[in-house]
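Examination of the molecular architecture
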Amino acid sequence: EIKNIVYPLYQLGNPQLRIFRPSWFLTLVRPGKEQPPDTVQFRIPMDMTKYDVKNYLEKIYNVPVGVVRTRIQFGSNKKRNHLNQRVKKPDYKVAYVQLAQSQTFTFPDIFPEKDRTLKEGSMEEMQEKFMEDEKQRQKSDPRRGGVTEWFGL
Amino acid sequence: MASSSSLGRVLTLCKRFQSVFRISPAISVQHCAVNLKRCQNNLLSEKSSLIASSWITPISFVGQRRALHTTVSRRGLEEFFDQPENWGEPNVKSGAPWTAKQLRTKSNEDLHKLWYVLLKERNMLLTLAQEAKRQSLQMPSPERMKKIERSMVRLDTVVRERETALRLLQTGQEKGRPGDWRRNVFGYEYWYRFKEYTIPWYMNKRHERKKFYTPHFVQPHIRLRIERFLRERARKVNLKRKTLAKLKERFPQMKLPSS
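Because the structure is predicted, anything quoted here is derived from the model rather than measured.

**Section: the overall build of chain B**
What chain B contains, in helices and strands, is nine helices and two strands. Across the 259 residues of chain B, 32% fall into the buried class. Taking as baseline every contact in chain B between residues at least 6 positions apart, the subset at least 24 positions apart corresponds to 61%. Carbon and sulfur atoms make up 58% of the accessible area of chain B, which amounts to about 18,600 Å² in all.

Here it is, written out as structure tokens:
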């Protein structure tokens, strides 16, 4: 939301630029391809650099960062909508951060299957019962032994 | 700060934090879902336990130290994810977003820290959303994203207000970036904001080609624009008058609206 921020030009001998309240947001993503155990993959805004990512993680998250490599992923412009206009998927920058001090990181499973015991008389319980009844109604007669309706009798 | 000794300073700081951020226990989170308005004053907009752990501030008593201390979070990359208890839950409870009125009561230090708290929460939500998209599942309680965004925008507005007020008092300038009213090629007058260059403007070859005046041949086009604007305005006024006349004809006892 901080748009049109102009930072002072840097020339040799100028003081180090310090950014307070950065408006950069990183997204940790699960790697598509197999990565080494110490590599963490992020999606970062396009105007962030490797040094920015390093300082960001070190200062805000207190994570020991070794090397950062970045690339820009092109979002396809090939898909077309119902008006035959090309729809652009936005481009994004990907950063591969290697952790220092021989730390490892594995992307955790954030959506584990939890068995939920539904409360008696609650909306969810009624909905579940209804869905089960519907499924039972759709099934064919078990006495036919798997024979389809196409065959008469 | 009234007290001069470091101990006194620390105590006043603790008292200030106690009054400013009332960290209520996790039980009250349930009441939050019932009545959000009531919770606005008492609870932070984030999960209280997240705040409780990140507010573990080591305060040192060594000598005459300035009363400024930073949070040491020992969790690193874990902060990109929610607490493990909330993984797999279909709904995660969260409070109301910060309003500008509430934020204006906080000090600059507190706003600075709150910005980073909100930033980390936003990063966490972004990672959650992306992973949900990847697994083709629904993200639990997606309304949190908008709440955080609005809180951050309001925080930024409050900080900007304070900065402009300070700048006005100190220098008399209301804008931080210098600018000027200039006319562009199309006849429009606009606020041109100055840009920082390494060479002066009279040596800048590319800047010479930029025209801050309206050439003579643009005047007819400007006149046509003015005519169109006047015509549209006249049309609006006429439409209003005609509708009123029609209504008056249909309903003779009608009283004319105040607007």
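So, next bit.
**A few points about the environment of B:N184**
For B:N184, the position within the fold is in the loop between strand 1 (179-183) and strand 2 (189-193). Ignoring anything within four residues of it in the chain, the contact list for B:N184 reads B:Y190, B:K211, B:Y213 and B:T214.

**Let's talk about the side chain of A:R21**
Within the secondary structure layout, A:R21 lies in the segment before strand 1 (27-29). Taking relative accessible area as the criterion, A:R21 reaches 13% and is therefore assigned buried. There is a polar contact of 3.2 Å between the side chain of A:R21 and the side chain of B:D156.

**A look at the sheet that holds strand 3 (residues 65-73) of chain A**
Reading across the sheet, the four strands line up as 1-2-4-3 (chain A) and stay open at both edges, with antiparallel pairing between neighbours. The sheet is open, and its two edges are formed by strand 1 and strand 3 of chain A, each paired on a single side. Geometrically, the sheet is characterised by an average inter-axis angle of 30° between neighbouring strands, direction not taken into account. Relative to strand 4 (residues 92-99) of chain A, strand 2 (residues 39-44) of chain A runs antiparallel, the two sharing six bridges. Across the sheet, A:I44 pairs through a bridge with A:K93, a residue of strand 4 of chain A. Where helix 1 (residues 50-60) of chain A meets the sheet, it contacts strand 2, strand 3 and strand 4 of chain A, and its direction lies at approximately 130° from that of strand 3 of chain A. Sheet strands in contact with helix 6 (residues 108-134) of chain B are strand 1 and strand 2 of chain A, and its direction is about 35° off that of strand 1 of chain A.

**Describing empty space enclosed by the protein**
Counted by the stated rule, this structure contains six cavities of 30 Å³ or more. One number sums up the size of the second largest cavity: a volume of about 50 Å³. Taken together, A:I110, A:F111, B:D82, B:N86, B:W87, B:G88, B:E89, B:V92, B:L128 and B:P140 make up the full set of residues lining the second largest cavity. Tallied by class, residues from the lining of the second largest cavity come to six nonpolar, two polar and two charged.

**Remarks on a negative patch on the surface**
All names here are of chain A. Together, E124, E128, E132 and D133 make up a region of like negative charge exposed at the surface. Mapped onto the elements, E124 comes out in helix 2 (residues 123-138). Given the relative accessible area of 47%, E124 is considered partly exposed.

**Points about the interface of chain A and chain B**
At the interface, 39 residues of chain A touch 38 residues of chain B. Summed over both sides, the interface of chain A with chain B buries roughly 3,600 Å², with 65% coming from carbon and sulfur. It is A:R21, A:Y61 and A:F111 in chain A that bury the most area against chain B; as a group they hold 24% of the surface buried on that side. The tally of links from chain A across to chain B stands at three salt bridges. If you look at where chain A meets chain B, you find 14 residue pairs in polar contact (both at pLDDT 80 or more).

Conventions and cut-offs
- Residues numbered from 1 in each chain as written.
- Chains lettered and ligands numbered in written order.
- Predicted model: local features only at pLDDT ≥ 70, side-chain atom pairs only at ≥ 80, totals over all residues.
- Heavy atoms only, no water.
- Helix = DSSP H or I, 4+ residues; strand = E, 2+ residues; numbered from the N terminus.
- Buried < 20%, exposed > 50% of the residue type's maximum accessible area, 1.4 Å probe, protein only.
- Contact = heavy atoms within 4.5 Å.
- Areas by Shrake-Rupley, 256 points an atom, 1.4 Å probe, with all protein chains shown as cover.
- Polar contact = N/O pair within 3.5 Å; in protein donor to acceptor, adjacent residues only side chain to side chain.
- Pairing = 2+ DSSP bridges.
- Axes fitted to C-alpha atoms, helices over the stretch in contact; angles between N-to-C directions.
- 1 Å grid on protein atoms, 1.4 Å probe; cavity = no way out; pocket = protein on both sides within 12 Å on 5 of 7 lines; lining within 4 Å.
- Points joined across faces, edges and corners; volume = space filled by probe spheres on them.
- Nonpolar A, V, L, I, M, F, W, Y, C, P; charged D, E, K, R; others polar.
- Patch = residues over 30% accessible without salt bridge, like charges linked within 9 Å, V, L, I, M, F, W, Y side chains within 5 Å.
- Salt bridge = Lys/Arg side-chain N within 4 Å of Asp/Glu carboxyl O.
- Lys, Arg positive; Asp, Glu negative; His and termini not counted.
- Charge placed at Lys NZ, Arg CZ, Asp CG, Glu CD.
- Buried area = accessible area lost by both parts, 1.4 Å probe.

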